[in-house]
Amino acid sequence: MIRCPTCNALHPEGEACPGCLVGLALSEPPERASRTALFALVLGLTLGASVSVTGAAAMVTWMGQAASASSAPDPVALQEARDALEEERLRLADERRELEAERARLEEARHQIDEAALTVDQAAIRAAEIQERRTLDARVAAEEAARAAAARASESAMQAREAAAREAERARAARDAAARDAERASRDAAQAAARAAAEAASSRRFTGCSDLPQLEPRAALGRLSATEIDCLLEHRDGPNGEAVSSLLLLDAFSRGDSPRWEALARHHLANLHEDADLAYKLALHCRNTMKQEDSRHFAGIALAHREQWSGAVWVARIQSLHELRYRASLAVYGAQDARTEQDRDAWRDFLQSIGRPLPPELE
């Protein structure tokens, strides 16, 4: 709606102003003015526009002029005309309010429709998002299940391969063990045959040194001949080897041949008999020749067979062997080594057990 600049009346934009039409009717001659004014008024009512107060006043003024031109003014008619115009104005105002209310209702309905459409669109978007998320979750779950199945299959295959490898390894080990057993049996049979043949041959040659009691006096003097020594060496691992080895040790000790005595003693302890006295003497010999680790080893052999002694010899030998092992460990491994500490504790415990005073190094 716009306001007419001529008569100040409201009328739709793009349409002629009804008030001005009334003004146009007033400009007509009196004989045609009534028809023109009526047409303007009907046109304004038909278009739904109101006649401005200025236009109505102009129309009343014109009608007064027309009446004065024809006859005297009728106050009743003028009042009725004014009342009719007022009623028409009120009716038009009511219709305008109703139209505005209807337009407001239509606007509200349009807003509600837009909001409903927006809600439907949002619901559709939300449903699409939910469906997409569900589809994605299902795809992820399917991929995880496939990966888990593949991992289980791979693990099963690996376990099967490992089981097959272990079975093959056991079979190979069994074959190797059987081969080793066969080889050992063959070797043992060959060695047994060789020993039997050697014993048979040596029994035939054991005439030059077979009388051991007869050789003992000359061995104590260190006067065994080279032939007798060779004969004894050849038969020291035989049935009477311990006695033969003892004669050889006696001859070497009487001659003062320490290297030969040491070699014979090592052989005797390793292959014939772990004699406590011989091990004790060899431990002392290795200590004197600065073979400390060997001295500790042979002292341990002597201690392991301490039951071969008794009485004061037992006490003196065991005390001497503990001290010898400790000092050998100290020289070889150092004071902080566990083996040295173990040997020191063994020496201290023995001295305390027999009631002997402790040396300063053990306190």
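Rules and cut-offs
Residues numbered from 1 in each chain as written. Predicted model: local features only at pLDDT ≥ 70, side-chain atom pairs only at ≥ 80, totals over all residues. Heavy atoms only, no water. Phe/Tyr/Trp six-rings, centres within 6.5 Å; stacked < 30°, edge-to-face > 60°. Helix = DSSP H or I, 4+ residues; strand = E, 2+ residues; numbered from the N terminus. Buried < 20%, exposed > 50% of the residue type's maximum accessible area, 1.4 Å probe, protein only. Lys NZ or Arg CZ within 6 Å of the ring centre and 35° of its normal. pLDDT = per-residue confidence, 0-100. Contact = heavy atoms within 4.5 Å. Disulfide = S-S within 2.5 Å. Patch = residues over 30% accessible without salt bridge, like charges linked within 9 Å, V, L, I, M, F, W, Y side chains within 5 Å. Areas by Shrake-Rupley, 256 points an atom, 1.4 Å probe, with all protein chains shown as cover. Salt bridge = Lys/Arg side-chain N within 4 Å of Asp/Glu carboxyl O. Lys, Arg positive; Asp, Glu negative; His and termini not counted. Charge placed at Lys NZ, Arg CZ, Asp CG, Glu CD. Core = buried A, V, L, I, M, F, W, Y, C linked by side-chain atoms within 4.5 Å. 1 Å grid on protein atoms, 1.4 Å probe; cavity = no way out; pocket = protein on both sides within 12 Å on 5 of 7 lines; lining within 4 Å. Points joined across faces, edges and corners; volume = space filled by probe spheres on them. Nonpolar A, V, L, I, M, F, W, Y, C, P; charged D, E, K, R; others polar. Axes fitted to C-alpha atoms, helices over the stretch in contact; angles between N-to-C directions. Left-handed = near helix turned anticlockwise from the far one by under 90°.

1. Some details on the packing of aromatic side chains
Thought 1: Within this structure, the stated rule accounts for three aromatic pairs.
Thought 2: Centroid distance Tyr280 to Trp309: 6.3 Å. Interplanar angle 80°. Geometry classified as edge-to-face. With Tyr280 in helix H9 (residues 276-288) and Trp309 in the loop between helix H10 (292-304) and helix H11 (311-333), this residue pair connects regions lying 29 residues apart in the sequence. There is no split in this pair, since Tyr280 and Trp309 are both buried.
Thought 3: Sitting above the plane of the Tyr333 ring, Arg339 keeps its charged end 3.7 Å from the centroid.

2. Structural notes on the confidence of the model for the chain
For any part of a model where pLDDT is low, the fine detail of the predicted coordinates should not be relied upon.
Thought 1: The predicted model of the chain averages 82 in pLDDT, with 77% of residues at 70 or higher.
Thought 2: Here residues 22-40 is modelled with pLDDT under 50, and outside its nearest four sequence neighbours on either side it reaches 18 contacts, counting other chains as well.
Thought 3: Residue range residues 45-58 is modelled with pLDDT below 50. Its contacts to residues more than four positions away, or to other chains, number 22 contacts.

3. Some thoughts on the side chain of His268
Thought 1: Looking at the element boundaries, His268 is found in helix H8 (residues 258-272).
Thought 2: Residue classification places His268 among the buried residues on the basis of a relative accessible area of 3%.
Thought 3: If we skip the residues at most four places from it in the chain, His268 touches Glu242, Ser245, Ser246, Leu249, His273 and Leu278.

4. Observations concerning the state of the cysteines
Thought 1: Applying the stated criterion to the full structure yields one disulfide.
Thought 2: What pairs with Cys209 in a disulfide is Cys231, and their sulfur atoms sit 1.9 Å apart. A torsion of -60° about the S-S bond marks the disulfide between Cys209 and Cys231 as left-handed. Of the two residues, Cys209 sits in the loop between helix H4 (75-205) and helix H5 (212-220) while Cys231 sits in helix H6 (residues 226-235), which places them 22 residues apart along the sequence.
Thought 3: On the basis of relative accessible area, Cys209 is assigned to the buried category, the value being 1%.

5. So, a negative patch on the surface
Thought 1: On the surface, Asp74, Glu80, Asp83 and Glu87 cluster together into a patch of negative charge.
Thought 2: The residue Asp74 is located in the loop between helix H3 (53-70) and H4 in this model.

6. Some thoughts on the nonpolar core
Considering soluble globular proteins, one finds that nonpolar side chains tend to be buried as a cluster.
Thought 1: In terms of nonpolar packing, the biggest core is built from 35 residues, with Leu232, Trp261, Leu282, Phe298 and Leu321 touching the most fellow members.
Thought 2: Elements with a contribution of two residues or more to this core: H5, H6, helix H7 (241-255), H8, H9, H10 and H11.
Thought 3: Element by element, the count of residues in this core is highest for H9, at eight residues.

7. Some details on the layout of surface pockets
Thought 1: Here the largest pocket is characterised by a volume of approximately 350 Å³.
Thought 2: Along its surface, the largest pocket is lined by 16 residues, and Ser246, Leu249, Leu250, Leu278 and Lys281 are the ones closest to its centre.
Thought 3: If you list the elements that add at least two residues to the lining of the largest pocket, you get H5, H7, H8 and H9.
Thought 4: Ranked by residues supplied to the lining of the largest pocket, first place goes to H7 with seven residues.
Thought 5: Along the lines of polarity and charge, the residues of the lining of the largest pocket split into nine nonpolar, two polar and five charged.

8. A few points about the packing of H9 against H11
Thought 1: Axis separation between H9 and H11 bottoms out at 11 Å; the angle between their running directions is 35°. Crossing of H9 against H11: the hand is left-handed. Note on element contacts: H11 touches H9 through Arg317, Ser320, Leu321 and Leu324, opposite Asp277, Tyr280, Ala283, Leu284 and Arg287.

9. Looking at the environment of Pro359
Thought 1: Topologically, Pro359 is positioned in the segment after helix H12 (338-353).
Thought 2: Separated by 11 residues in sequence, Pro359 and Arg348 have C-alpha atoms that sit 8.9 Å apart.

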